[in-house]
Amino acid sequence: MPGVYSIESRSLTRTFKSKGEVVEALKEVDLSVRQGELFGLLGPNGAGKTTLIKIFTTLLLPTSGYAKVAGHDVAKEVKQIRPIINMVTGGEHSGYGLLTVRENLWMFSQFYGIPGKVAKERIDSLIDRMRITHLADRKIRTLSTGERQRVNIIRAFMTGPKIVFLDEPTLGLDVETSRLIRRYVKEWLEQDGERTVLLTTHYMMEADELCDRIAIINDGEIVALGTPRELKKRIQDETAIGMEISPEIDLGWLDGTKGVMGYSAKEEGGMLSARVVMEDDSAVSDVLSGVTARGGRIISFYKDEPTLEDVFVKLTGRGLE
Amino acid sequence: MSLKSSMWLQYQIDANWTRPLVFVVYNILRPVGAALLLVAMFYVVTGGYMGGGSLAYLYVGNAFFMLIAQTLFFVGWVVHDDREHYQVLKYLYISPMSYFKYLIGRTAMRFLLSGFALMVLIVLGYLLRIPYRIDWLLLVAVFLVGWAFIVGAGLLLSGINMLTARHGGAVGEALAGIFYLLSGAIFPLSILPQWVRGFSLALPSTYWFSLVRRAVLGAESEEVMAQFTTLQVVLYPMAISMVLLGLSYLSFLGVDHLTRKKGMLDMTTTY
Amino acid sequence: MNIMLNLRAVRGRAYPRVIGALREPSWMLWEVVLPMLSIAAFIYFYRSLNAPKEFEGFVVLGGVMTTYWLNVLWGMASQFYWEKETGNLQLYLAAPMSKMSILAGMALGGIFGTTVRAVSIIFIGVFVFEISFVISHPFLLVAIFMVTLLAMYGMGMMFASLYLLWGREAWNMNALFQEPIYFITGQNFPVKALGPTVAMAASVIPLTLGLDAMRQLLFPEAAGWGFLDPMLELGILCVSAVIMLVMARQLLAFMERKGRETGKLTMRWQ
């Protein structure tokens, strides 16, 4: 499909009505994902990532604008789209608890019309690849979250899709399973230049490590788009500092501090781990003295290389997690 | 969570999908349908004659059976609904309240709500000229004893459900079917084979239906049960219900251990 | 339409129904043994009224057909709603096969499990309650049975979409479609007794004419109680089956479109 984007949207808007209230989940989203790309959508919970995925996977209609997958309109050409896509959602509980892993996968393969023998070969190969051979004949209801997600990955990839949508696929998974899934997704893309992956995540490390390009989405709007390097370059003139503070204090006052563009903070081992993005070095002393004045003791302090999260903080004024 | 809260929760879950009036209509149509089915069977066999002791017997028995059927139908569903639909069983379990007590509360509310349907059926009975001779004191006993044994049986069923897969809505109805068949609800016990009657007399529901007839029709026309005094038909089911409640509690403890041992508190068994 | 794709999808969805039902041993107790109880109660009820023997046969036949009706309600009509709640529906919707093949798979798998139950009811009827059936027109009987099932499951497919649109009313609709339906379709008695107007109106539900026709064929001594001629009933059932299936297809498309517009098909507890 030369000249055609694998995934594309123009002025895509989606609103939901609930009890007389109108919520704008997506606002004029323009997106173009090229064939062979691993494209990331990075954003916090409620940013509109899942809504976007639902539209691309033909589960939801746009309110206005259009979305296309492999050149086909998601609103009108579902028959052309569905055979070539598949999806995985984080925390997904698909399948039937009374069936085994193999039986569940076989069942889903039938919904894509895969001949029995071919389906069996693909299932066996992917079961092996996902390292769950020992679980193949166990009932799916007995699996752990991580084991279940490996099965979901197999479910999506065994049907031979050209475009895969991964919606927070590593949500709540352990390091090993997350790593296994990331590695597989990367390899799968490399095997065939016609394949495309759209991944949503709120793990910036995942986006940084995997994605060719990333769109940062916040409150239903794409606020930045580029390669991880390009995005990080956007804040090369700014200063990012990291610090560990004990005891935990409220950092709300940073919002009104001159020179501070945004911050993120999370509790780690009884301490507060914070990152602050500033216009330049001049605000550093105000931030440090502010912490001390509010009873916080600075355990460690470092000036850091900019991360995707810093980009996000700069653009939205808040952290991802 | 107190008993009152779980009763309130039951009402909310049962009724919050619609307006109260529609909810009442839904609750009434099913029992009315069941009553009409029996009346139609009676009508066909008698060649259109609508009266006599048999009609009163079956109509009143069937009307009060609705309390059992509707409550047990719900109980057959609640554990699976908590576990697989709303997936809250594990959270209810780890909360400080007793899940046993929670089930008592929800079952009790379902029993109360079934009272609407019963009232409608009683009123409809006037149209069929059912010769009511209501003893109000005995009627109170009917509800107290009925509640005790239905809750006891329901809890026993809930315990079993915690160990089984979800098989649609037939589970509670099936248990209600035992009471329907063996308790002389719509036909005299003497119709049953001799060897089955022994089981019938061990069921609290048999005495309860006898109590219902005494309370609503003024006398017991059923030959086997007429041998028992009114006091006996109050005390027997009460005593059996106490045993049932004790047994359900004990079995619940066993089930509690088994479900945790086998990790069945959050299983989903849909197919 | 890709026929192989859809046939495979039918097979895929029927599989868990067949395997799942057989795999869980508690199924035998709930689905086979205990439902016999209400059938036995109705038989004893007729005996208490000294009803002719064929009336007991009506109860067995009613019990057999009602098992399928229950499967239509619980295994078909409310199933899409249940699939939504468990998270499978969005995967079905995003897959390329016709959603009708998913419903057909559920129906075939459900018919398998239900037939085990229905056969056990017939066995109990024949061996315990000594009911005798006269099979003088086997082909017509089988044809009526099959077409009745087709129309009933077609109706279930229709309900599947409607229930999904009605949301939480699903369970309540199922309750509503039991005893009141048993009454107006003449589950245990000849529907003719309700008068021609009610019987005609009840014929919208395929169970009514299916039961009436089979009653006439299996119990010739009660032929006088027949509502319409069995051949005519077969004809009406055929038309009804086609209408149900066409409407099911239309409603499915409507439901899917509506769901995509509102976004509620992929949200749980809505």
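Up top is the structure these notes are about.
Please read all numbers here as calculations on a predicted model, not as lab measurements. (Residues numbered from 1 in each chain as written. Chains lettered and ligands numbered in written order. Predicted model: local features only at pLDDT ≥ 70, side-chain atom pairs only at ≥ 80, totals over all residues. Heavy atoms only, no water.)

Student: Please explain the overall build of chain B as it appears in this structure.
Tutor: Scanning chain B for helices and strands turns up eleven helices and zero strands. Ordering the α and β elements of chain B from the N terminus gives α-α-α-α-α-α-α-α-α-α-α. Computed over C-alpha atoms, the radius of gyration of chain B comes to 19 Å, within 12% of the 18 Å expected from 2.2 N^0.38 for 271 residues, which places it in the range of a compact globule. Taking the principal axes of the C-alpha coordinates as reference, chain B spans close to 55 × 40 × 35 Å. Pairs at least 24 apart in sequence give 79% of the contacts found in chain B among residues at least 6 apart. (Helix = DSSP H or I, 4+ residues; strand = E, 2+ residues; numbered from the N terminus. Rg over C-alpha atoms; globule rule 2.2 N^0.38 Å. Contact = heavy atoms within 4.5 Å.)

Student: Can you walk me through the sheet that holds strand 11 (residues 239-246) of chain A in this structure?
Tutor: Two strands in a sheet stick together by hydrogen bonds in their backbones, pointing the same way (parallel) or opposite ways (antiparallel). All names here are of chain A. Read across the sheet, four strands follow the order 12-13-11-14 without closing on themselves; strand pairing throughout is antiparallel. Unpaired on one side and paired on the other, strand 12 (260-268) and strand 14 (297-303) mark the two borders of the sheet. With direction set aside, neighbouring strand axes in the sheet form an average angle of 20°. Where strand 11 meets strand 13 (residues 271-278), seven bridges bridge the pair, whose relative direction is antiparallel. Paired with isoleucine 245 across the two strands is leucine 272, which belongs to strand 13. (Pairing = 2+ DSSP bridges. Axes fitted to C-alpha atoms, helices over the stretch in contact; angles between N-to-C directions.)

Student: Quick question: what am I supposed to make of the packing of helix 3 (residues 36-48) of chain C against helix 4 (residues 53-77) of chain C here?
Tutor: Helix-helix packing is described using two parameters, namely the angle between the two axes and the distance between the axes. Residues and elements named next belong to chain C. Here helix 3 crosses helix 4 at 165°, and the two axes come no closer than 9 Å. Here helix 3 lies roughly antiparallel to helix 4, going by the angle between them. The handedness of the crossing between helix 3 and helix 4 comes out as right-handed. For the pair formed by helix 3 and helix 4, the contact residues are Ile39, Phe42, Ile43, Tyr46 and Arg47 on the first element and Lys53, Phe55, Glu56, Val59, Val60 and Gly63 on the second. Split by residue class, the contact of helix 3 with helix 4 holds seven nonpolar, one polar and three charged. (Parallel < 35°, antiparallel > 145°, perpendicular 65-115°, else oblique. Left-handed = near helix turned anticlockwise from the far one by under 90°. Nonpolar A, V, L, I, M, F, W, Y, C, P; charged D, E, K, R; others polar.)

Student: I'm lost on helix 1 (residues 3-23) of chain C in this one. Help?
Tutor: All names here are of chain C. Given a rise of 1.5 Å per residue, 21 residues ought to cover 30 Å, and the 30 Å separating the end C-alpha atoms of helix 1 matches this to within 8%. In the structure, helix 1 departs most strongly from a straight axis at alanine 14, where the bend amounts to approximately 25° and where the proline proline 16 lies between one and four residues downstream. Those residues of helix 1 not exposed but buried are Leu5, Asn6, Arg8, Ala9, Val10, Gly12, Arg13, Ala14, Pro16, Arg17, Gly20 and Ala21. Its side-chain oxygen 3.3 Å from the backbone nitrogen of methionine 4, asparagine 2 forms the N-cap of helix 1. (Expected span 1.5 Å × (residues − 1). Bend = angle between axes of the 7 residues up to and from the residue. Buried < 20%, exposed > 50% of the residue type's maximum accessible area, 1.4 Å probe, protein only. Polar contact = N/O pair within 3.5 Å; in protein donor to acceptor, adjacent residues only side chain to side chain.)

Student: Can you help me understand the packing of aromatic side chains in this one?
Tutor: In this description, an aromatic ring pair is defined by two values, namely the gap between the centres and the angle between the planes. Scanning all chains against the criterion turns up 30 aromatic pairs over all chains. Note on phenylalanine 56 of chain A and phenylalanine 165 of chain A: the rings are 6.1 Å apart at their centroids and 15° apart in plane angle, and the pair reads as stacked. With a gap of 109 residues between them, phenylalanine 56 of chain A in helix 1 (residues 49-56) and phenylalanine 165 of chain A in strand 7 (residues 163-167) connect regions that are remote in the sequence. Accessibility expressed as a relative area gives 0% for phenylalanine 56 of chain A, which makes it buried. A connected cluster of aromatic rings, assembled from ring pairs, spans Phe45, Tyr46, Phe55, Phe58, Phe133, Phe219 and Trp225 of chain C. A cation over an aromatic ring shows up here: arginine 155 of chain A above the ring of phenylalanine 108 of chain A, its NZ or CZ 5.7 Å from the ring centre. Residue placement shows arginine 294 of chain A over the ring face of tryptophan 253 of chain A; its charged tip is 4.1 Å from the ring centre. (Phe/Tyr/Trp six-rings, centres within 6.5 Å; stacked < 30°, edge-to-face > 60°. Lys NZ or Arg CZ within 6 Å of the ring centre and 35° of its normal.)

Student: Whenever I open this one, the sheet that holds strand 2 (residues 21-33) of chain A confuses me. Can you help?
Tutor: Residues and elements named next belong to chain A. Taking strand neighbours across the sheet as the criterion, the four strands line up as 2-1-4-5 in an open arrangement whose pairing is antiparallel. At either end of the open sheet lies a strand with only one pairing partner, and these are strand 2 and strand 5 (72-73). In this sheet, strand 4 (residues 64-69) lies alongside strand 1 (residues 7-18) in antiparallel orientation, the contact comprising five bridges. Each bridged residue has a counterpart across the sheet, and for serine 9 the counterpart in strand 4 is alanine 67. Most of the contacts of helix 1 go to strand 1, to which it runs at about 115°, and overall it touches strand 1, strand 2 and strand 4.

Student: Hey, could you run me through the interface of chain A and chain C in this one?
Tutor: You'll often see interface size given as the accessible area lost when the parts meet. Counting residues at the interface gives 36 residues for chain A, matched by 34 residues for chain C. Of all residues in chain A, the largest losses of buried area upon contact with chain C belong to Leu59, Arg82 and Phe111 of chain A, amounting jointly to 24% of the total for that side. Put simply, chain A and chain C have one salt bridge between them. Here glutamate 256 of chain C ties to arginine 82 of chain A by a salt bridge, and the two come within 2.8 Å at their closest N and O atoms. Where chain A packs against chain C, one counts 15 residue pairs in polar contact (both at pLDDT 80 or more). At the level of elements, strand 1, strand 6 (85-89) and helix 3 (101-110) of chain A are the ones that each hand at least two residues to the side of chain A that touches chain C. A per-element tally of the side of chain A that touches chain C places helix 3 of chain A first, with five residues. (Buried area = accessible area lost by both parts, 1.4 Å probe. Salt bridge = Lys/Arg side-chain N within 4 Å of Asp/Glu carboxyl O.)

Student: Would you mind showing me how to read a negative patch on the surface here?
Tutor: Residues and elements named next belong to chain A. On the surface, Glu24, Glu28, Asp30, Asp219 and Glu221 cluster together into a negatively charged patch. At three residues, strand 2 tops the list of elements feeding residues into the negative patch. Looking at the secondary structure, you find glutamate 24 in strand 2. Exposure remark for glutamate 24: the relative accessible area of 41% places this residue in the partly exposed category. (Patch = residues over 30% accessible without salt bridge, like charges linked within 9 Å, V, L, I, M, F, W, Y side chains within 5 Å. Areas by Shrake-Rupley, 256 points an atom, 1.4 Å probe, with all protein chains shown as cover. Lys, Arg positive; Asp, Glu negative; His and termini not counted. Charge placed at Lys NZ, Arg CZ, Asp CG, Glu CD.)

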